[in-house]
Every structure is written in structure tokens, then in C-alpha cells.
Amino acid sequence: MAALPSRLKSLVSRKAKPSKAAKKTKRGKGGDNDAFEALLADADEDASADVLAARLGVPKRTGRGAGTGKVGGKARATGDKPRRRLNLFAVAVALTVLVVAGTVAWLAATGEETAAARRKAATLPDIAVTLPEGGARPVEAPAPAANGAANGAADGADAKAAAAAHEPDPMDMAVKLAPSHNDDLLEKTRAGYLPRMPAKGPAPWQAYSRPFPQDDKRPRIALVMADLGWSPSALEKVLARMPAAVTLAFAAGAPNLQKAMDQARGDGHEVLLQVPMEPQDFPRNDPGPGTLLTSLPDEKNVDRLETAMASATGYVGLTNLTGTKFLASHDSLQTVLRQVQRRGLIYVDSWPTPASQATRIATELGLPRAVSDVQVDRAPSDAGVAAQLAELERLAKLNGVAVGYAQPYPVTLEAIARWAVGLRDRGIVLAPVTAVVNRQADR
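Residues numbered from 1 in each chain as written. Predicted model: local features only at pLDDT ≥ 70, side-chain atom pairs only at ≥ 80, totals over all residues. Heavy atoms only, no water.

## Here we look at the packing of helix α9 (residues 232-241) against helix α10 (residues 257-266)
One way to put it is that α9 packs onto α10 with a least axis distance of 11 Å and a crossing angle of 10°. Classified by the interaxial angle, the pair formed by α9 and α10 is roughly parallel. Between α9 and α10, the contacting residues are Leu235, Glu236 and Leu239 on the first element and Ala260, Gln263 and Ala264 on the second. Residues of the contact of α9 with α10, tallied by class, amount to four nonpolar, one polar and one charged. (Axes fitted to C-alpha atoms, helices over the stretch in contact; angles between N-to-C directions. Helix = DSSP H or I, 4+ residues; strand = E, 2+ residues; numbered from the N terminus. Parallel < 35°, antiparallel > 145°, perpendicular 65-115°, else oblique. Contact = heavy atoms within 4.5 Å. Nonpolar A, V, L, I, M, F, W, Y, C, P; charged D, E, K, R; others polar.)

## Some details on the pattern of salt bridges
Within this structure, the stated rule accounts for twelve salt bridges. Here Lys325 ties to Glu278 by a salt bridge, and the two come within 3.6 Å at their closest N and O atoms. Taken as a pair, Lys325 in the loop between β8 (317-319) and α12 (330-342) and Glu278 in the loop between β7 (271-274) and α11 (298-309) lie far apart in primary sequence, 47 residues in all. Residue Lys325 is classed as partly exposed on the basis of its relative accessible area of 34%. The shortest N-O distance in the salt bridge between Arg418 and Asp382 comes to 3.6 Å. (Salt bridge = Lys/Arg side-chain N within 4 Å of Asp/Glu carboxyl O. Buried < 20%, exposed > 50% of the residue type's maximum accessible area, 1.4 Å probe, protein only.)

## Some details on the side chain of Glu278
Taking the relative accessible area as the measure of exposure, Glu278 reaches 4% and is therefore buried. A polar atom in the side chain of Glu278 sits 2.7 Å from the backbone nitrogen of Thr294. Other than its neighbours up to four places away in sequence, Glu278 contacts Thr291, Leu292, Leu293, Thr294, Ser295, Gly323, Thr324, Lys325 and Phe326. (Polar contact = N/O pair within 3.5 Å; in protein donor to acceptor, adjacent residues only side chain to side chain.)

## A word on the nonpolar core
For soluble globular proteins, nonpolar side chains are generally found buried alongside one another. Formed by 61 residues in total, the largest nonpolar core has its most connected members in Leu223, Met225, Leu248, Phe250, Leu318, Tyr347 and Trp419. Looking at this core element by element, the count peaks at six residues for helix α15 (residues 410-421). Sequence-distant contacts of Leu223, that is, excluding residues within four places in its chain, are made with Val246, Thr247, Val376, Leu392, Gly404, Ile416, Trp419, Leu430 and Ala431. Formed by 20 residues, the second largest nonpolar core is a distinct cluster that contains Ala203, Val224, Ile346 and Val437. (Core = buried A, V, L, I, M, F, W, Y, C linked by side-chain atoms within 4.5 Å.)

## Remarks on the environment of Ala396
With respect to the helices, strands and loops of the structure, Ala396 is situated in helix α14 (residues 382-399). Taking the relative accessible area as the measure of exposure, Ala396 reaches 0% and is therefore buried. Along the primary structure Ala396 and Arg218 are separated by 178 residues, whereas in three dimensions their C-alpha atoms are 9.1 Å apart. Every residue in contact with Ala396, bar those within four places of it in the chain, is listed here: Pro219, Arg220, Ile221, Val401 and Ala402.

## Brief notes about unusual backbone geometry
Most peptide bonds take the trans form, and the phi angle of most residues other than glycine is negative. With an omega of 10°, the peptide bond running from Phe282 to Pro283 counts as cis. Inspection of the secondary structure puts Pro283 in the loop between β7 and α11. Despite not being glycine, Trp351 has its phi angle at roughly 55°, a positive value. Inspection of the secondary structure puts Trp351 in the loop between β9 (346-349) and α13 (358-365).

## Considerations on a nonpolar patch on the surface
On the surface, Val91, Leu95 and Leu98 cluster together into a nonpolar patch covering about 300 Å² of accessible area. When you line up the elements, Leu95 lands in helix α5 (residues 80-122). (Patch = residues over 30% accessible without salt bridge, like charges linked within 9 Å, V, L, I, M, F, W, Y side chains within 5 Å. Areas by Shrake-Rupley, 256 points an atom, 1.4 Å probe, with all protein chains shown as cover.)

## Section: α15
When the terminal C-alpha atoms of α15 are compared, their 17 Å separation across twelve residues agrees well with the 16 Å that a helix rising 1.5 Å per residue should span. Of all the positions in α15, only Thr412, Leu413, Ala415, Ile416, Ala417, Trp419 and Ala420 are classed as buried. Looking at the packing, one finds that the buried side of α15 touches β5 (220-228), α9, α14, β12 (401-406) and β13 (429-431). (Expected span 1.5 Å × (residues − 1).)

## A word on α14
For the α-helix, the turn length of 3.6 residues means that residues three or four positions removed from each other point alike. Over its 18 residues, α14 runs 26 Å from end to end, which matches the ideal 26 Å to within 8%, given 1.5 Å per residue. Taken residue by residue, α14 has Gly384, Val385, Gln388, Leu389, Leu392, Glu393, Leu395 and Ala396 as its buried positions. Residues of α14 that are buried sit in contact with β5, β11 (374-375), β12 and α15. Gly400 sits one or two residues past α14 and shows a positive phi near 95°.

## Concerning the packing of aromatic side chains
The full count for this structure, using the stated rule, is zero aromatic pairs. In this structure, Arg443 packs its charged tip against the face of Trp351, placed 4.7 Å from the ring centre. (Phe/Tyr/Trp six-rings, centres within 6.5 Å; stacked < 30°, edge-to-face > 60°. Lys NZ or Arg CZ within 6 Å of the ring centre and 35° of its normal.)

If you want it as C-alpha cells, here you go:
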């Protein structure tokens, strides 16, 4: 042992006593090398056999016992850690297989139930529809599926196509509005039949409105297509292109007004009566006979209002197209709006001027009201209308509701028709104007 380096001597001195087999070994000429090889066999992790062999120039020990040492008289396998890692990997693979197998089994067991639920949702049966202030009203069921799909004869692809074809937005569903002439909601006066509040039941604006599900949480946009009634062909184009949720406003002085209103209501559109009001540049800009004027006494304006209101029945409320001067006159406007409130109607301000006091007066009177946020065709071009419709969407998402006014220009109709197609995907619903009353701040 004297020939070994001092560091190796120190290491040997710390080791446990040699085994009986080692004591019986007779040392010869190469006894130091034999002792060193025995030490390599018993080396611990602090001084590995490979490191010692490399430093001292002794050949690396190979063979059956190269990966095993004797510690405390027991064999120690140096491959424990790799085996443990292999075992963990095997466990992870087994767990993954079990999870996948369980998922497949669950899907197989519940597949029919899931498919049935999807088919039921796709049919959109009679949806819950209420009046703006409550009270149930039935709504027509959607058109039945094609015979093949209805009888279960179509294959899976045809059934899926049929289901997709019958998934309209609730607001696009056909509805049948109440008749425009209801004696319980009309009062015969010298001017003709005027709306009145019934002894019981809904007010005229509720009875004549288009149903809307009040639990719909999407932002709402109401569009008013104004200045209708003058041209039958223009009305035909509006009815052909506009979604039924668009509210239509008819001029009080238009010919065949009742026929035009009934035609629109027959297509599911609720309607407004458009009353002419004095503009700032009157009389150079004269809206026509029956215009409400600030220069007239209140009684005369009330007479003109009643004459206009008696020109048709079935409308939910009044609106204006002109009126930049009249809407800014508090006293004259208050007299008119008080009559609208007494008749159980709503008022929708087209807001032709920021000086309009309509919303503030309506709030004071308890009159249901709405106000335009955007003139959709202020710039009557594809780009101009698209920009205003985008602004309507922004306001609806910001405030919960938005109201837009438009006129039946061909470019406006086409732009709105294209825009309305993607509203559902954008999380917005097109609503009748009665569904947004009293949801905007005063101005």
C-alpha cells in the first residue's frame, strides 16, 4: 500500500473493512494493482472508478461487474435512475391510453343524445316572445323542413343542410301583427279615428308593435326607414330588401296611406306616422299642408296633429323628418308631445338638430321615446352608408342600443341589406324601434 498516492491512501482508509474473500487473497508482485482494482470495484459516487482509472493510468474495469459495486456487503445497481425514468414514462403512456379510451366510450354512449339535442335546437320551435312591457303574444313557427328531411329519408348531409337552412335569427322570423283597426284602441272624433288608451290591456303602441324577446342580451340596433308612402314602387323595393325588424315611417299626407301601412304591417314591419314640423328656413322650405308651426297657437297645432293622426291606424307612434325649428321650441313641442302621450303612442325623434328638446320633454311627461343616433345615408354612397352603419354598431356595443334613420335611396337599401346579413355573427340584433324605447339618455 506504500506505493499508492497519498490521496488514494486516504480514500482507502475511509472505506469499510474488506470482505472475507479479500482478506484471503494472497498478495504477490502486483499486489498494489490488485488492491487498486478492488478499490475501483467498491468506489462510491464521490470518486468514481472511471475518474480514478483515468488519473492513475490504470485500465478501466470492464466486464460483468462494471455497473455494480459492493456497498455495505450489498450489490448496488448504478442503473436505478434510468429504470425509474423508464417506469414513469410507461405509467404516463398507460394513463393517456386510459383517458382516450374513456373519452371514446363516453362519446359512444352519449352520441345519440347529443345529436338529438342539436336537432332540437336547430328547428327553432316557437320562441318565447313578449310585448315590450310584458304579456305573451304567439309567433308563427318557422317554415317546415323539406319533405325528405322531415320524414327522415334524407341522408346525414341533407339533414345537416336542412337544419342550417332553418336557423334564422329570431328577429328574421315571420310574425303576424295585430290588426290595424281595433275598436278597443280607437276613438271616433271629428277628425276621424284616433288612437286611445283602453280601459284595460296594452296601450296602442304595445298592441301594434312587432314582438321582441326582451331577454335577448345582445346589443340592439333599430333602423327607421323614413319618408315612405309617396311612391308605391319605392315601398315595394323596401319590402323586398329590408329585414322585417326594420321600422317603416310613412308620411301623414301620403296618398293611400292606410293601404301602404297595412302592406308593410302584413310583412311584419311595425310602422310610425311621420308628422311634418317647421324647419328653420320655413316658409322657403315648406314641408307641406298640416305642418306644425311655432307661430300657431297650441289649439291649432293640436288640430293639425289630430288630422294627421286620423289619416291611418295601426302605427306605434309618431316621428318627424323635418322640424329643426319646431323641435327647439319647448312650449309648442310640449303641447304636441302631451297629446302623443295621452293617445298611448311613442315618439321617435329623428334629431335633425342638436337643439331638439324632445327627449327631455318626453321624459318629463312619461312618454315612451327613442332618438336617432345616426343618419345612415348622410353621405348616400356605398362607402358613406357603410361608415355610418359601422358607427351604429360601435354605439350599440357601447350603450346597449342605437337608432339609425335612413331614406329609401337604392344605394341605402342595398348597403343595409348586405350589412344586416352578418349582424348575428357580430353579436348584434336588429330590433324594432319599440324594443329600444327609454333605453337612451336624454339630450
